[in-house]
Amino acid sequence: MSIFEYNGSALIAMVGKNCFAIASDRRLGVQLQTIATDFQRIYKIHDKVFLGLSGLGTDAQTLYQRLVFRHKLYQLREERDMKPETFASLVSALLYEKRFGPYFCQPVIAGLGDEDKPFICTMDSIGAKELAKDFVVAGTASESLYGACEAMFRPDMEPEELFEIVSQALLSSVDRDCLSGWGGHVYVVTPTEVRERILKGRMD
């Protein structure tokens, strides 16, 4: 078993019309044994940038703390919040810095940039960015997430429709992966608000 699969995870970010959704499962396991069913994988950097971290849970928490530190320094120096593109470059640089002993994480970054244009990207454990205009996925359930998202995605969705599509894609995908599941955690972000919802899924 790969170290990336040790704790299990499922992450998805999808764009809509001037909005985006980012969702994760809630299971923390040690291989096939479930340890917790309320594990947080999505972190708020500021109101318009969210970070999801799949992979090894301990590395994800360490990486998040380092990124919060870097972002606070940026806020102090620049007196503004980071744009999502800038934050993605920061995450990439931080991961590449540790390329010889990497953080075992696959980040997903989602945010609203200039003129509320949604931005999503993912990267591997050494910071090689992969940008997308529709959706990105990560984690042990990524293969089934790709299939569900390809089938369900439509361009220019409104926030409510986007929530439905992301939720259905997540729940149907984690049912096909024994290392992730136990419900879901969904954020839908628009220029004016952030909606957070908890999904109930199969509890087995």
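Shown above is the structure to which this text applies.
Residues numbered from 1 in each chain as written. Predicted model: local features only at pLDDT ≥ 70, side-chain atom pairs only at ≥ 80, totals over all residues. Heavy atoms only, no water.

Enquirer: Explain the overall build of the protein to me, please; I cannot follow it from the model alone.
Expert: Across its full length, the protein holds four helices and twelve strands. Dimensions of the protein, computed from C-alpha atoms along their principal axes, come out at roughly 45 × 40 × 25 Å. In the protein, which comprises 204 residues, the proportion classed as buried is 50%. Restricting the contact set of the protein to residue pairs at least 6 apart, pairs at least 24 apart contribute 62%. Carbon together with sulfur atoms contributes 49% to the accessible area of the protein, which is approximately 9800 Å² in total. Averaged over its 23 positive side-chain charges, the protein has a centre that lies 4 Å from the centre of its 28 negative ones. (Helix = DSSP H or I, 4+ residues; strand = E, 2+ residues; numbered from the N terminus. Buried < 20%, exposed > 50% of the residue type's maximum accessible area, 1.4 Å probe, protein only. Contact = heavy atoms within 4.5 Å. Areas by Shrake-Rupley, 256 points an atom, 1.4 Å probe, with all protein chains shown as cover. Lys, Arg positive; Asp, Glu negative; His and termini not counted. Charge placed at Lys NZ, Arg CZ, Asp CG, Glu CD.)

Enquirer: Got a minute to help me understand a nonpolar patch on the surface in this structure?
Expert: Together, F69, L73 and L76 give the surface a local cluster of nonpolar side chains, amounting to about 340 Å² of exposed area. With a relative accessible area of 52%, F69 lands in the exposed category. (Patch = residues over 30% accessible without salt bridge, like charges linked within 9 Å, V, L, I, M, F, W, Y side chains within 5 Å. Salt bridge = Lys/Arg side-chain N within 4 Å of Asp/Glu carboxyl O.)

Enquirer: Is there a simple way to think about the packing of helix 3 (residues 142–152) against helix 4 (residues 159–174) in this case?
Expert: To describe two helices that pack against each other, one gives the angle between their axes and the distance between the axes. It is at 9 Å that the axes of helix 3 and helix 4 come closest, and there the two elements cross at 145 degrees. Here helix 3 runs over helix 4; the crossing is right-handed. Counting all contacts with helix 3, which are made through S144, L145, A148, C149 and M152, the residues of helix 4 involved are I165, Q168, A169, L170, S172 and S173. Of the residues contributing to the contact of helix 3 with helix 4, the split by class is seven nonpolar, four polar and no charged. (Axes fitted to C-alpha atoms, helices over the stretch in contact; angles between N-to-C directions. Left-handed = near helix turned anticlockwise from the far one by under 90°. Nonpolar A, V, L, I, M, F, W, Y, C, P; charged D, E, K, R; others polar.)

Enquirer: Got a minute to help me understand the sheet that holds strand 8 (residues 118–123) in this structure?
Expert: Adjacent strands of a sheet form backbone hydrogen bonds with each other and so pair up, either parallel or antiparallel. One open sheet accounts for five strands, arranged 5-6-7-8-9; its pairing is antiparallel. With one partner strand each, in any of the chains shown, strand 5 (42–46) and strand 9 (129–132) form the two edges of the open sheet. Across this sheet, the average inter-strand angle for adjacent strands is 20 degrees, counted without regard to direction. Across four bridges, the pairing between strand 8 and strand 9 is antiparallel. Pairing of I120 across the sheet is with A132, part of strand 9. (Pairing = 2+ DSSP bridges.)

Enquirer: Is there a simple way to think about the side chain of T190 in this case?
Expert: Among the structural elements, T190 can be located in the loop between strand 11 (184–189) and strand 12 (194–199). Residue T190 is classed as buried on the basis of its relative accessible area of 11%. Residues contacting T190, with those up to four places away along its chain left out, are N18, C19, L112 and P159.

Enquirer: I would appreciate a short explanation of the environment of K48 in the present structure.
Expert: Inspection of the secondary structure puts K48 in the loop between strand 5 and strand 6 (49–55). Residue class for K48 comes out partly exposed when judged on its relative accessible area of 28%. For K48, the residues in contact, after removing those within four places along its chain, are F20, A110, G111, L112, D116 and P191. Polar contacts involving the side chain of K48 include one to the side chain of D116, which spans 3.2 Å. (Polar contact = N/O pair within 3.5 Å; in protein donor to acceptor, adjacent residues only side chain to side chain.)

Enquirer: Just to check I follow, could you spell out the layout of surface pockets for this structure?
Expert: Where empty space is left in the structure can be found by rolling a water-sized probe over the atoms. Approximately 350 Å³ is the volume found for the largest pocket. Of all the secondary-structure elements, those providing two or more residues to the lining of the largest pocket are strand 8 and strand 9. Broken down by class, the residue content of the lining of the largest pocket amounts to six nonpolar, three polar and six charged. By volume, the second largest pocket amounts to about 220 Å³. V174, D177, S180, R202 and D204 are, among the 15 residues lining the second largest pocket, the residues nearest its centre. (1 Å grid on protein atoms, 1.4 Å probe; cavity = no way out; pocket = protein on both sides within 12 Å on 5 of 7 lines; lining within 4 Å. Points joined across faces, edges and corners; volume = space filled by probe spheres on them.)

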